[in-house]
Amino acid sequence: MAAQKHTQTRVAFATIVGTSIEWYDYFLYAAASGLIFNQLFFGPLGSTLSTMVAFATVGISFLFRPLGAFLAGHFGDKLGRRVVLIITLIAMGAATALIGFLPTFESAGVLAPILLIALRIIQGISAGGEWGGAVLLAVEHADEKSRGLRGSFPQIGVSIGLLLSSGVLALMTSIAPGEAFLEWGWRVPFFLSIVLVFIGYWIRRGVEESPVFHEIAERKEQVTNPLGKLIKGHWLLVVLASLVFMGNNAAGYMTTGGYIQNYATDPAGPIGLERGPVLWAVAASAVSWLVFTIIAGAVSDKIGRRNTYILGWALLLVGIFSLFPLVNTGSVGMLLLGLIILTIGLGFTYGQQPAMYAELFPSSVRFSGVSVSYAIGSILGGAFAPTIAKALVSSTGTTTSVAVYLGIVAVLALVATLLLRDRTGTPLGPDHEDEQSVSPIVGIGSPQMTWDDGDGRHPENPRSYMN
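Residues numbered from 1 in each chain as written. Predicted model: local features only at pLDDT ≥ 70, side-chain atom pairs only at ≥ 80, totals over all residues. Heavy atoms only, no water.

- Where an unreviewed UniProt entry is consulted, the chain appears under the name Major facilitator superfamily MFS_1, with the organism given as Brevibacterium linens.
- We quote the UniProt Subcellular location (unreviewed entry) comment for the chain here in full: "Cell membrane". (UniProt positions renumbered as here; feature names shortened; annotations may be inferred.)

1. Remarks on the overall build of the chain
Part 1 of the argument: A tally of helices and strands in the chain yields 20 helices and zero strands.
Part 2 of the argument: Relative to its length of 467 residues, the chain is compact, with a C-alpha radius of gyration of 21 Å against a globular reference of 23 Å.
Part 3 of the argument: In terms of its C-alpha atoms, the chain occupies a principal-axis envelope of roughly 65 × 40 × 40 Å.
Part 4 of the argument: The proportion of buried residues among the 467 residues of the chain is 60%.
Part 5 of the argument: Here the contacts in the chain between residues at least 6 apart in sequence split such that 82% fall between residues at least 24 apart.
Part 6 of the argument: A total accessible area of about 16500 Å² is found for the chain, and carbon and sulfur atoms account for 69% of it. (Helix = DSSP H or I, 4+ residues; strand = E, 2+ residues; numbered from the N terminus. Rg over C-alpha atoms; globule rule 2.2 N^0.38 Å. Buried < 20%, exposed > 50% of the residue type's maximum accessible area, 1.4 Å probe, protein only. Contact = heavy atoms within 4.5 Å. Areas by Shrake-Rupley, 256 points an atom, 1.4 Å probe, with all protein chains shown as cover.)

2. Here we look at the nonpolar core
Within soluble globular proteins, side chains that are nonpolar tend to cluster in buried spots.
Part 1 of the argument: Counting 118 residues, the largest nonpolar core has Ile36, Phe37, Phe41, Trp186, Met254 and Tyr259 as its most contacted members.
Part 2 of the argument: By residue number, the principal contributor to this core is helix H1 (residues 2-40), which donates 17 residues.
Part 3 of the argument: Beyond its immediate stretch of four places on either side in the chain, Tyr259 contacts Phe55, Tyr253, Met254, Phe324, Pro386, Ala389, Lys390 and Val393. (Core = buried A, V, L, I, M, F, W, Y, C linked by side-chain atoms within 4.5 Å.)

3. Some remarks on the packing of aromatic side chains
Part 1 of the argument: Counted by the stated rule, this structure contains 24 aromatic pairs.
Part 2 of the argument: For the ring pair Phe245 and Tyr374, a centre distance of 4.3 Å and an interplane angle of 20° mean the geometry is stacked. Here Phe245, found in helix H11 (residues 226-252), pairs with Tyr374, found in helix H17 (residues 366-381); they are 129 residues apart in sequence, far enough to count as distant. Assigned by exposure class, Phe245 and Tyr374 land together as buried.
Part 3 of the argument: Grouping aromatic residues by their ring pairs yields a cluster made of Trp131, Phe245, Trp289, Tyr350, Tyr357 and Tyr374.
Part 4 of the argument: It is Arg120 that lies over the ring of Tyr26; its NZ or CZ is 4.0 Å from the centre. (Phe/Tyr/Trp six-rings, centres within 6.5 Å; stacked < 30°, edge-to-face > 60°. Lys NZ or Arg CZ within 6 Å of the ring centre and 35° of its normal.)

See the structure below:
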C-alpha cells in the first residue's frame, strides 16, 4: 500500500509539472496574441483586424489538435502513455522557444507571421497529444475511490500554466516597461521555456507506465488500429464527450485565449486599464481556478461525475453572466472578482473530466477516445471563442452578446452531460473490456452493467463506491 501511494504521488507530481509546462507554453502565445503579436506581426492590418487575425492564429492551432490527438491516441494505445508525453513536451517547448527568436513584420515582412503560425501549429499538434496521456497516467494509477481527485491533478496544470504565463508577462512589463516590452521584454518568457522543458523531461522520464497499459501489453492485446475501432464503435460517444468539454473550453478561453486581457487593456476600448494590473488579476484568478478544479475532482468521488457536472454548469452560467458587467466597471478589483466567479464554474466543469472520460471509454481505445474527444471539444469551444467575442462586440457594440454566446454553448454542454449515464467507479482494466464497451449513452444499450466485483458495487450506483 505504501509503495502504491508513493507511486501515485510521484505520478501526480510528474503530471502536474509536465502539464503546467505544456500549458504555460500554450497560453503564453494566447496572451501574447492580443497584447504583442497583433502589433508586431499583424500591425499593418489595422487595430481591429490585426487583433482579430492574431486571435485567429490562436484558433488555428486547435484545428491541428485532432491530428496530435490521432497520433498520440494511436501510439499511446499501442506503445504506452509515457513515451507520448515525453515527445509532446519536447515538441511544445521547442516551438515556444523558437517563437522568442522570431523576427517581426518590420524586419522580415510577411515571413514573420508565416513562421509564427507554423510554430503555433506545432504547439497545437503537441497540445492535442499531451492531455490524453497525462490524465490517463493519473487516473489509471489511482484507486477507484480517489480517481476523481487524482485525475484533477493534471487538470490544474492548466491553471498553473495560466498563472505562470500571466505572471511572467506581468513581471516583464515591470522589468521592461513601455516600448522596451515590445522591443525585447516579451521574448524572455518564451526563452524561459528552454529551461522548463529540461525540468519536465527529467521528471517525466522517471515515471512508471500506466498499470492498465502494462496489463494490456503483457497480454499482447494492443489494438492494431485503435482509432478505427473508436470511430466504428464509439463515434456518438466521442461527439457527446466533445460537446461536454466544449462548454468549459469556450468560457475558459476568455482568459486563456487572451480576450479579456486585450479587451481590458485596449487603449481604444471602453476601459483602457494598464497592462500589468490586468495580467496580475488574470494570474490571481488562475489560483482560484486551480482550487476549484481540485475541489470538483474530490466532490465527484462523493456524488458522481455527472452530478458534479450538472452543478458545475449552473455555476458556470452564473459566472458567464457576471463577468462582463463587473469587467465593464473599469475597476481592476471588479475585474478580478468577475474572473474569480467565472473560475468557480470553470473548476467544477473541469476537475472531474479526466475520471469521467476514462470511465466512458474501453481500455483498448481509451487513449484515442479521451484525446480525440478533448481535441474536438476544444475546436468547438475555445478555438475561435476570442475571435468570435471580438467580432460580436465589434458588430453589436455590447459585451452582452458575448455572454449570450457563451451561455448557449454552456447549455448545449449541459444537454450533452444529461445524455450520458454516470459511470463513476467503473473498473478500468482490460479484464472488464466487455462491460466498459456497453454504451453509456442514455437510451442506447442497457443502463445496467453485468459486472460485480464481489462487494456489491455497480457503475450506476456511485454511492456504492464510498463505503
